[in-house]
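Summary of the model geometry
This is what each chain is made of:
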Amino acid sequence: MEDEVDRLVAAWRRERPDLDVEPLEVLSRVSRLARHLDRARRTAFAEHGLEPWEFDVLTALRRAGSPYQLSPGQLLTQTLVTSGTMTNRIDRLTGKGLVKRLPDPDDRRGVLVRLTDDGRDRADQALAGLLAHERELLAQLTSAQQGELAGLLRQLVAPFDNIP
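What you see is a predicted model, and the numbers here were worked out from it, not measured in a lab.

What counts, and where the lines are drawn
Within every chain, residues take consecutive numbers counted from 1 along the sequence as written. Per-residue local features of the predicted model are confined to residues with pLDDT of at least 70, and side-chain atom pairs are confined, for both listing and counting, to 80 or more; whole-chain, interface and lining totals are unaffected and use all residues. Side-chain metrics rest on all non-hydrogen atoms present in the structure, leaving aside hydrogens and water. Numbering of helices and strands runs from the N terminus, with a helix taken as a DSSP run of H or I at least four residues long and a strand as a DSSP run of E at least two residues long. Radius of gyration means the value over C-alpha atoms here, while the globule rule gives 2.2 Å times the residue count to the 0.38 power. Each residue is assigned to one of three classes by its accessible area relative to the maximum for its type, calculated with a 1.4 Å probe on protein chains only: buried under 20%, partly exposed between the two thresholds, exposed over 50%. In this analysis, two residues are considered to be in contact whenever any of their non-hydrogen atoms come within 4.5 Å of each other. For every accessible area listed, the method is Shrake-Rupley and the probe measures 1.4 Å; residues are considered covered only by the protein chains on display. Classification of ring pairs rests on two measures: the distance between centres of Phe, Tyr or Trp rings, Trp counted by its six-membered ring, which must be within 6.5 Å, and the angle between planes, read as stacked under 30 degrees, edge-to-face over 60 and tilted in between. For this analysis, a nonpolar core means a set of buried residues of the types Ala, Val, Leu, Ile, Met, Phe, Trp, Tyr and Cys, connected via side-chain atoms within 4.5 Å. When DSSP locates at least two bridges between a pair of strands, those strands are taken to pair. The axes used here are C-alpha line fits, helices contributing only the stretch in contact, and every angle between their N-to-C directions lies in the interval 0 to 180 degrees. Crossings are classed by handedness, with left-handed meaning an anticlockwise turn of the near helix from the far one by less than a right angle and right-handed meaning a clockwise turn. Under the scheme applied, nonpolar residues are Ala, Val, Leu, Ile, Met, Phe, Trp, Tyr, Cys and Pro; charged residues are Asp, Glu, Lys and Arg; polar residues are all the others, including Gly.

Within the protein, the secondary structure is distributed over seven helices and three strands. Mapped in sequence order, the helices and strands of the protein form the string α-α-α-β-α-α-β-β-α-α. Against the compact-globule benchmark of 15 Å for 164 residues, the protein has a radius of gyration of 20 Å, which places it well outside the compact range. Once the C-alpha set of the protein is aligned to its principal axes, its extents read approximately 65 × 35 × 30 Å. Counting only residues that meet the buried cut, the protein has 24% of its 164 residues in that class. Counting only contacts in the protein whose residues sit at least 6 apart along the sequence, the fraction spanning at least 24 positions is 45%. Total accessible area computed for the protein in this model is approximately 11,300 Å², and 54% of it derives from carbon and sulfur atoms.

What follows is the structure in structure tokens.
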């Protein structure tokens, strides 16, 4: 089986035989896969009336466990956006009735962001839909192959995730 990356690598080997283009064989596939996954995720989220960023915030709150609330700072850490961006996102999700702001009982100046019942339901439904789509994408790999791939990708991603 040949893919677009095989053709790209062959062309570079022909045109630039002086360069080792082997990294392209892995990382160009990862890059192409990321683009395909982004499209598939957008579709899965749209089926539940959500944008990817909305899913990220709602599921961060859902993973926090009952009462499904975090401070805006905790949400920043989990979603990797700026404070201005997070404020805008919280405002928009509040306007849709998916989250609400509450006073932080431990900090009179602070707030907590909590999932509403509708927000929790949408997060749960979107997650179930996403997992169904992703199972289809992985169906051609055995469980062992999926585990091996997950481990290899973890080795590549972990250094980026552990930057202070």
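If you walk through the whole model with that rule in mind, you get one aromatic pair. Considering the side-chain rings of Phe45 and Phe55, the 4.1 Å spacing of their centres and the 20 degrees angle between planes classify their relative orientation as stacked. You can see Phe45 sitting in helix H2 (residues 22–46) and its partner Phe55 sitting in helix H3 (residues 52–63), a full ten residues away along the chain. In this pair, the class of Phe45 matches that of Phe55, namely buried.

Moving on, we come to the nonpolar core. Nonpolar side chains in soluble globular proteins generally cluster together in the buried interior. Ranked by size, the top nonpolar core spans 22 residues in total, and within it Leu58, Leu61, Leu75, Leu93 and Val99 carry the most contacts. At the level of secondary structure, the elements contributing two or more residues to this core comprise H2, H3, helix H5 (83–95), strand E3 (107–115) and helix H6 (117–138). With six residues, the top contributor of residues to this core is H3. Apart from the residues lying within four places of it in its own chain, the contact partners of Leu75 are Val57, Ala60, Leu61, Leu70, Met86, Ile90 and Val113.

Of the strand pairs in this sheet, strand E1 (residues 69–70) and E3 are connected by two bridges, and their pairing is antiparallel. When the sheet's bridge partners are listed, Gln69 is paired in E3 with Arg114. Note that strand E2 (residues 99–104) and E3 share six bridges and pair antiparallel. The partner of Pro103 across the bridge, within E3, is Val111.

Quick look at the sheet that holds E1 now. The strand order across the open sheet built from three strands is E1-E3-E2, with neighbouring strands paired in antiparallel fashion. The open sheet is flanked by E1 and E2, the only strands paired with a single partner. Along the sheet face, H5 touches E2 and E3 and points at about 120 degrees away from the line of E2.

This part is about the packing of H2 against H6. Across the interface, H2 lies against H6 with an axial gap of 9 Å and an inter-helix angle of 145 degrees. Crossing of H2 against H6: the hand is right-handed. Contact residues: H2 offers Leu37, Ala40, Arg41, Ala44 and Phe45, while H6 offers Leu130, His133, Glu134 and Leu137. A class-by-class count of the residues in the contact of H2 with H6 yields six nonpolar, one polar and two charged.

Geometrically, the link from Ser66 to Pro67 is a cis peptide bond, its omega value of 15 degrees lying close to zero. Among the secondary structure elements, Pro67 is positioned in the loop between H3 and E1. Non-glycine residue Tyr68 carries a positive phi angle of around 60 degrees. Within the secondary structure layout, Tyr68 lies in the loop between H3 and E1.

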